[in-house]
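The chain contents come next:
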Amino acid sequence: MKHLPKHLRPRWRYLAVGIETWPEADLGRRAFQRALWYAAGNLLGDAGSADADLTLLAFSHDGGEGEAIVRARHGHVDDARAVIGCVSEVDGDPVGIRVRGISGTVRACEERYMGRAGGSSTQRDVAFEGAERSAVVRGDARDVRTESGYVGAAAFDTE
C-alpha cells in the first residue's frame, strides 16, 4: 500500500499538559486516557470526539506531580483544551490539569514544555489550624494531611 501524499496526511498538534494531584494519588496512563476520552465524549459527543481524535502519547506521574503529551487533530485544538479542562478526577482522585503549551511536533513539545514539574517535594511538619501536622511541600504549595484527607495550603497559611 502506498503512502498518502503529504498534503493529504492528517496534521496534528501536541499539547503539553501538567498534572497535579494529592501526594498519595496513584494515577495510571490507562486511567488518564480513559478520563480524557470520557470527558471528550461528554463535551463533544461521539462524532466530535472522533474528529478531535485525542490520544495520550506520553505520560508520567509520581509524588503528586506529572506531565503528559496529548495529540489532537490540527483544527480541534480549542476542543482539546476544553476537554482537558473538563477532566477533574481520575479514578476517584481529584486532579488539577493545566495546558503548558501547544506544538506542531512531539520533539518541540518535549523540548519547550516538558520537564517543568515543580522539582522535588519534601515531607515536613507545619503549623496548620493551631496544630502540628505533616505536609508535603512543593515550592510554594503545601499539601497538609488532616483527619479527612489532604488540604491544599499556601506558605502563608501554614506559618
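Data block above holds the structure.
Presented here is an overview of the structure given in this document. (Residues numbered from 1 in each chain as written. Predicted model: local features only at pLDDT ≥ 70, side-chain atom pairs only at ≥ 80, totals over all residues. Heavy atoms only, no water.)

Notes on the overall build of the protein
Each helix and strand counted, the protein has three helices and nine strands in total. Each principal axis of the C-alpha distribution contributes one length, and for the protein these read about 70 × 30 × 25 Å. The 159 residues of the protein split such that 39% are buried. If you take every contact in the protein between residues at least 6 apart in sequence, the share linking residues at least 24 apart comes to 59%. As displayed, the protein has an accessible area near 9,600 Å², and 48% of this comes from carbon and sulfur atoms. Treating the 21 positive side-chain charges of the protein as one cloud and the 24 negative ones as another, the clouds have centres 13 Å apart. (Helix = DSSP H or I, 4+ residues; strand = E, 2+ residues; numbered from the N terminus. Buried < 20%, exposed > 50% of the residue type's maximum accessible area, 1.4 Å probe, protein only. Contact = heavy atoms within 4.5 Å. Areas by Shrake-Rupley, 256 points an atom, 1.4 Å probe, with all protein chains shown as cover. Lys, Arg positive; Asp, Glu negative; His and termini not counted. Charge placed at Lys NZ, Arg CZ, Asp CG, Glu CD.)

Here we look at the nonpolar core
In this structure, Phe-32, Leu-54, Val-70, Ile-84, Val-87 and Val-90 are the most contacted members of the largest nonpolar core, which totals 26 residues. Every element with two or more residues in this core is listed here: strand S1 (12–21), helix H1 (29–52), strand S2 (55–62), strand S3 (65–73), helix H2 (77–86) and strand S5 (93–103). Tallying contributions element by element places H1 first for this core, with seven residues. With residues up to four places along the chain from it excluded, the contact list for Val-70 reads Arg-13, Tyr-14, Leu-15, Val-17, Leu-36, Leu-54, Thr-55, Leu-56 and Ile-84. Grouped together as the second largest cluster of nonpolar side chains are seven residues, Tyr-14, Cys-109, Tyr-113 and Met-114 included. (Core = buried A, V, L, I, M, F, W, Y, C linked by side-chain atoms within 4.5 Å.)

Some points on the packing of H1 against H2
For the pair H1 and H2, interaxial distance at closest approach is 9 Å and the crossing angle is 115°. In this structure, H1 crosses over H2, and the sense of that crossing is right-handed. In contact with Leu-36, Ala-39, Ala-40, Leu-43 and Leu-44 of H1, H2 contributes Asp-79, Ala-82, Val-83, Ile-84 and Cys-86. Looking at the contact of H1 with H2 residue by residue, the class counts come to nine nonpolar, no polar and one charged. (Axes fitted to C-alpha atoms, helices over the stretch in contact; angles between N-to-C directions. Left-handed = near helix turned anticlockwise from the far one by under 90°. Nonpolar A, V, L, I, M, F, W, Y, C, P; charged D, E, K, R; others polar.)

Examining the sheet that holds S2
Pairing is antiparallel in the open sheet, where five strands are placed in the order S2-S3-S1-S5-S4. Pairing within the sheet leaves two strands with one partner each, and these edge strands are S2 and strand S4 (89–90). Bridge count between S1 and S5: eight bridges; the pairing is antiparallel. Bridge pairing links Glu-20 to Gly-96 in S5. H1 rests against S1, S2, S3, S4 and S5 of the sheet, and its axis sits at about 150° to S2. (Pairing = 2+ DSSP bridges.)

By themselves these figures say nothing about function.
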